[in-house]
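Close look at the chain arrangement
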Amino acid sequence: MADVGEGLLSVVFDVLLKKMNQEVLDFFRGRKLADGPLRKLKIALLSAKSVVEDAEDKELMKPAVKEWLDELKDALYDAEDILDEIDTEIRTRELAAEFETTAIKVRNSVSAYFNPFFKEMKPKMEEVLDRLEYLAKQKDVLGLRPGVGGKSSERLPSTCLVEESGIFGRDDDKEKVVNLLLSDDAIAGAMSVIGIVGMGGIGKTTLAQLVYKDQRVNEHFDLKAWVCVSQEFDVFRVTKTILEAVTSSNCDIKDLNLLQVRLKGKLMGKKFLLVLDDVWNRNYADWELLSRPFKSGAQGCRVIVTTRDDNVALAMRTTLPCHLNKLTEKDCWSLFAKYAFHDGNLDARPELEVIGRQIVERCQGLPLATKTIGALLRSKLDVGEWDKILKSEIWDLAIDTTNILPALRLSYKYLPSHLKGCFAYCSIFPKNHTFEKDQVVLLWMAEGLLQELKNKTMEEVGNDYFLDLVSRSLFQQSSDGKSCFVMHDLVNDVAKSVFGQFVFRLEANCSQKIVNKTRHLSYFRTRFDDFEKFKALNKAKRLRTFLPLEFSIMDNNLTKKVPHDLLSNLRCLRILSLSHYENVTNLPNSIGKIKQLRYLDLSFTSVRRLPDSICQLINLQTLKLSCCSNLVGLPREMRKLINLRHLDITGTGIMEMPIQLGRLKYLRTLTTFIIGKTSGSCIGELKKLTNLRGKLAIMNLQNVVSSTDALDACLKEKKHIKDLVLEWKDDNVALKSQRCILDSLQPHSNLESLTIKYYSGNSFPDWVGHHSFSNIASLHLYGCKYCLSLPPLGQLPLLQDLSIIHFDEVVIVGREFYGNNSSMKPFRALKVLRFEQALKWEQWFSLGAENENRAFPHLQELYIDNCPKLTGRLPIHCPSLAKLEIRECPLLGASLPRDPELPRDPALCQLNLTCGEDLLKNLPAKIQVLKVGGFDALDSLAMGMMESNCSLQELEISNCTSLVSFQELPMHGIFSSLKKLHLENIYDSFRSFPLDLFPNLCDIYIFRCGNLESLTISDQLGLDLMILHIRIIDCPYFVSFPEGGFHASKLTLLWVWNCGRLRSLPDNMHGLLPSLEELQIVDCAEVESFPEGGLPCNLKSMSITDCDNLVAGRMGWGLQKLPFLKNLFICGERGDVESFPEVGLLPTNLTALQIMNFPNMKSLDKVLQELTSLEELRIYNCPMLKYMPEEGLAASVSVLLINNCPLVKKQCQKKKGKEWRKIAHVHLIIMDDELIE
């Protein structure tokens, strides 16, 4: 184990010297290289190593030493590249020998002596040797001495995570901010901004987190959102993050306008708290743009801003600033003791307190510095160690000069040497970028940063390293998930200072430049990454890492020149990712020349095939191909990737595995194994893959002929497999032999998740459901259509999620389902139970009256779908049941599962029924979401709601031939709490919808209600509806909105689709719908114009599709009066349009324009040149279009998409077409789904 405090380069030296082993010397035996450059290289390495400790101690104080170290590091990188080339050549020859005949071996052994490889190596080695010898001679000039920079005691074995509790000295600050949040004092406007201001590391974020999690704050606000802003104030990213936080779902909107429209709707009328953490931007215009949607919130909304800069607080109009002071000496000591001493106990080592208090004094009251230095000292027991850190010269470095806290610098200096490289490598991630533990470990492994230990795999070593860095507070767990982490921005600065010019993060406004020393590159993907972005990489010929990072835009494109021209010249690459570039369809054959490649990620691309040359990458450790749906096969010689450890082919179209994958003895991850009919791809190949772990899906099990073959897979011995999928083809016929095959596929009892699909036996073997599988938490049986009974799954003690789907022959579910263990409650841990498509299932028996309450004690969700013969009542009593769905089960008894000893279903809040109308008469009291469908009539719905006195939030009614008119129901406010209403496929008496009977309704969705004629409102005076969204779709008899219009000041979205008899939109839209931001009118042929007064001035997005009469009057739309309109989509079959758009039609503030289905349009008018804000233009299905605007598109246009416009496509051919010059400046051009470069 490397010593604590030993330098980063010392480890590099050790690695290089280890690589110069006897095998390498033997390889060159008989040639001058063995006795000359190789031995001299070893001597030069030893000479430089002797002073590197002293140099690393002095580099911060002496710039010349820092420069010397950079030159040395550069030479060491090159030396490692040479030694890796040699090792690769040795392994390549060994591998070739395995696959060659004796005659070929003899012939090759003769020709090997004259192999040009040796001639290539000699000048490379001599060049590196000259540099190393020159640097070694400089040590005396720089005053570097061997043996200086002493080593400390052996590092104690690392523990797991240090408990991150104990925040000191912030109680008063917390109460101050909480009181400001909860205060009802009148503050101008509906929203106020509270600034938490202080220097880096003082605890601004920690204070904001304390406040954010306070129970009083949780109860006070309707919505909360947390956004880490950081130095790049990206309004789009921040807006998107806020929207995802308040909706608790991912968002794929790519337009800022639409994002803000959606966010405004979500915040409308809500009292929200928003935290913007780590803001640097002083530009008020950016803040004003970001904050526009916030103004829709209720009175009392608050925004907390944390920043180092008072000017930022002023720019964001913070009316309530809170300046953080440093911690008192007492609080600082308490925090330090918490981290430096076990359980904060000073009694065990009183002699350290005196030194510790002096160290705390030097931390200057900064919590981050105090905590970090405390974590550093936690494992140090020697007084000398503490004294050495106290007296380090690093404390004397000015923060203003280095921008790095001395305490953090010391934390790095005294890291164990094996952690230094791993920590420094993470400088490749930008500030506040979250990274996943498992991915980082694979990157470390690819870079050769992990030591090989006898009793641990490299992945296990990497995991230990990672957790060690977490325990030292250098990595912190992110709120994005348990496996996601982040570095504090000051810690990131430390990592960046170590790697310096060897790492380049391609970021906006980056002043750093790529140089020939650059070895590692990261950047954020954009919509189109062109060659200009990467041109400077021509200087970095020895680049090792090419790593794109996630960004908010979904459809990423990459110039073909990168994979086909640029990367093929970067022969030293170890890490290459092209993931999430949807236009990447293939790799060049030259990929096989990047022989040092260890990590290749092509996931989420459109790659169709991998070149055979990829099998020459014998150093490859990780190959990620997940979600490459177009990929149908792997290269035949994959067996030659002898170092491959991780192969992810989840979600691909691969039909069969390449032969002899069993030769890949190091393989740990194999997500899918597709069994072929040939011996080389049979299931027996799995036998040799003894290190498999994680998830494994075995497909095409119908190709397994016998149980003996199945037994060859040795699944029972693979104790690290946690998630197993066993799948046959779904067209199997019933075969009794399949039971023996499934029996032979018994996995190890460590299994946690099991899925069996399309099994064609009539019963399950005994191991399925056996109580020995005590770790199984998830079990899914799908498409086992010949099985006559279910296995005893109730015996699985930790089972939480169970799905039984498409069992065609099961008639009875009886006692066998619960198991025979009388001492254990059946399904004691089950939370989710799902039965679907059991077409012959008739009865579900309980355990008997005396035991009925024992089963399913913790069930929360129950789904029974499409079981048409199931009769009786549900034999379960579930006090925890929160969600019940019963669909297409017409014979099932009308009783809800409940515990007779408890009040009526205290937990049940979601109910989805398409049968058993009597259930609606006896609704649970806490029901919030109700979905009903398939009933002839729903007379009992209102009665059940009145009797239950429920507070329904969401109601969906579908496929009901008759719905009692809402006006006829004895309402008495029973729908007063309703927020969302979905009506689908309702006919007969449902002719009008009374808006005023739903005072708090926010979202109305009416779909395929064939007799609906109108929306109505009885009291038009003074009633301001709460509605945010209205969607009316496929209602052919819908004729009108309320006469005179309706007042809905918060309505932001209105869709009317396929309503052929509608003649006009709501009256007085301009005055009564002032907040409307999105309007879509589709296939409403009778609508001829917009209402008198025009459209609401806040409109931001409008789509007019297949409304020919309306499009004919487009010059009367008044779009010039809409200052916020950003997106416009016009689609129609108007044959009279030859040139578009007309002068005066479009507002100059448009940013996105889509034109579709103009059959005779021949040209785009020059007026498009005047749309100076236009960024994106899309043109679809205009077969006669031939000409772009005379002067070309506006300079602002960066995206042009053209589909099914053959004439203009020909005219716009790059450099050939007559119209090309008019669009040549556009950054991203896609024609018929092909990227034009």
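On a predicted model such as this, the values are computed, not experimentally measured, just so you know.

This part is about the packing of helix α21 (residues 417–425) against helix α24 (residues 489–499). It is at 8 Å that the axes of α21 and α24 come closest, and there the two elements cross at 105°. Taken together, the axis directions place α21 and α24 in an arrangement best described as roughly perpendicular. Contacts between α21 and α24 involve Phe423, Ala424 and Tyr425 from the first element and Val491, Val494, Ala495, Val498 and Phe499 from the second. Among the residues forming the contact of α21 with α24, the class breakdown is eight nonpolar, no polar and no charged.

Spatially, β9-β10-β12-β14-β15-β16-β17-β18 is the arrangement adopted by the eight strands of the open sheet, whose pairing is parallel. Each edge of the open sheet carries a strand with a single partner, namely β9 (503–506) and β18 (669–670). One ladder, built from two bridges, connects strand β12 (residues 545–549) with strand β14 (residues 575–577); its direction is parallel. Note that in β14 the partner of threonine 545 across the bridge is isoleucine 575.

If you walk through the whole model with that rule in mind, you get 51 salt bridges. One salt bridge connects aspartate 74 with arginine 519, and the closest N-O pair in it is separated by 2.7 Å. Separated by 445 residues along the polypeptide, aspartate 74 in helix α5 (residues 63–99) and arginine 519 in the loop between β9 and β10 (520–524) bring together distant segments of the chain. Exposure remark for aspartate 74: the relative accessible area of 4% places this residue in the buried category. Residue glutamate 459 is joined to arginine 645 by a salt bridge in which the shortest nitrogen-to-oxygen separation is 2.7 Å. In this pair, glutamate 459 sits in helix α23 (residues 458–471) while arginine 645 sits in the loop between β16 (622–624) and β17 (646–648), placing the two residues 186 residues apart along the sequence. Of the two residues examined, glutamate 459 and arginine 645, each falls in the buried class. Here the salt bridges share partners, and the residues they tie into one network are Glu80, Asp81, Asp84, Glu447, Arg544, Arg574 and Arg598.

Here asparagine 1157 shows up in the loop between β43 (1152–1156) and β44 (1163–1164). The spatial distance from the C-alpha of asparagine 1157 to the C-alpha of proline 1183 is 8.5 Å, given a sequence separation of 26 residues. Residues contacting asparagine 1157, with those up to four places away along its chain left out, are Cys1131, Gly1132, Glu1133, Arg1134, Tyr1180, Asn1181 and Cys1182. Among the polar contacts made by the side chain of asparagine 1157, one reaches the side chain of asparagine 1181 at a distance of 3.1 Å.

Describing two packed helices takes the angle between their axes plus the distance from one axis to the other. Where α21 contacts α23, the axes come no closer than 10 Å and their chain directions differ by 85°. For the element pair α21 / α23, the angle class is roughly perpendicular. When α21 is examined against α23, the residues His418, Leu419, Cys422 and Phe423 are found in contact with a partner set consisting of Tyr465, Asp468 and Leu469. Split into classes, the residues belonging to the contact of α21 with α23 amount to five nonpolar, one polar and one charged.

Glancing now at helix α18 (residues 383–390). Buried within α18 are the following residues: Glu385, Trp386, Ile389 and Leu390. One side of α18 holds all its buried residues, which, seen down the axis, span an arc of 140°.

The rules behind these values
Within each chain, residues carry numbers counting from 1 in the order of the written sequence. Under the rules for a predicted model, residues below a pLDDT of 70 receive no local features and side-chain atom pairs below 80 are neither given nor counted, while totals for whole chains, interfaces and linings still include all residues. As a rule here, side-chain values cover all heavy atoms of the structure and leave hydrogens and water aside. For helices, the axis comes from a line fit to the C-alpha atoms of the stretch in contact; other axes are also lines fit to C-alpha atoms, and the angle between any two N-to-C directions lies between 0 and 180 degrees. The way it works is that DSSP assigns letters per residue, a run of H or I at least four long becomes a helix, a run of E at least two long becomes a strand, and they are numbered from the N terminus. Each angle gets one of four labels, with under 35 degrees taken as roughly parallel, over 145 as roughly antiparallel, 65 to 115 as roughly perpendicular, and the rest as oblique. Working rule for contacts: check all heavy atoms of both residues, and any pair within 4.5 Å makes them a contact. Each residue gets one label: Ala, Val, Leu, Ile, Met, Phe, Trp, Tyr, Cys and Pro are nonpolar, Asp, Glu, Lys and Arg are charged, and the others, such as Gly, are polar. We treat two strands as partners when DSSP finds at least two bridges between them. Salt bridges are defined as contacts in which a side-chain nitrogen from Lys or Arg sits within 4 Å of a carboxyl oxygen from Asp or Glu. Only protein chains enter the accessibility calculation, which uses a 1.4 Å probe; a residue whose area is less than 20% of its type maximum is buried, one above 50% is exposed, and one in between is partly exposed. Throughout this description, a polar contact denotes any pair of N or O atoms lying within 3.5 Å of each other; where both atoms belong to protein, one of them has to be capable of donating a hydrogen while the other can accept it, and for residues adjacent in sequence the pair is counted only when both atoms sit in side chains. The arc under discussion is defined with respect to the helix axis, by the directions toward the C-beta atoms.

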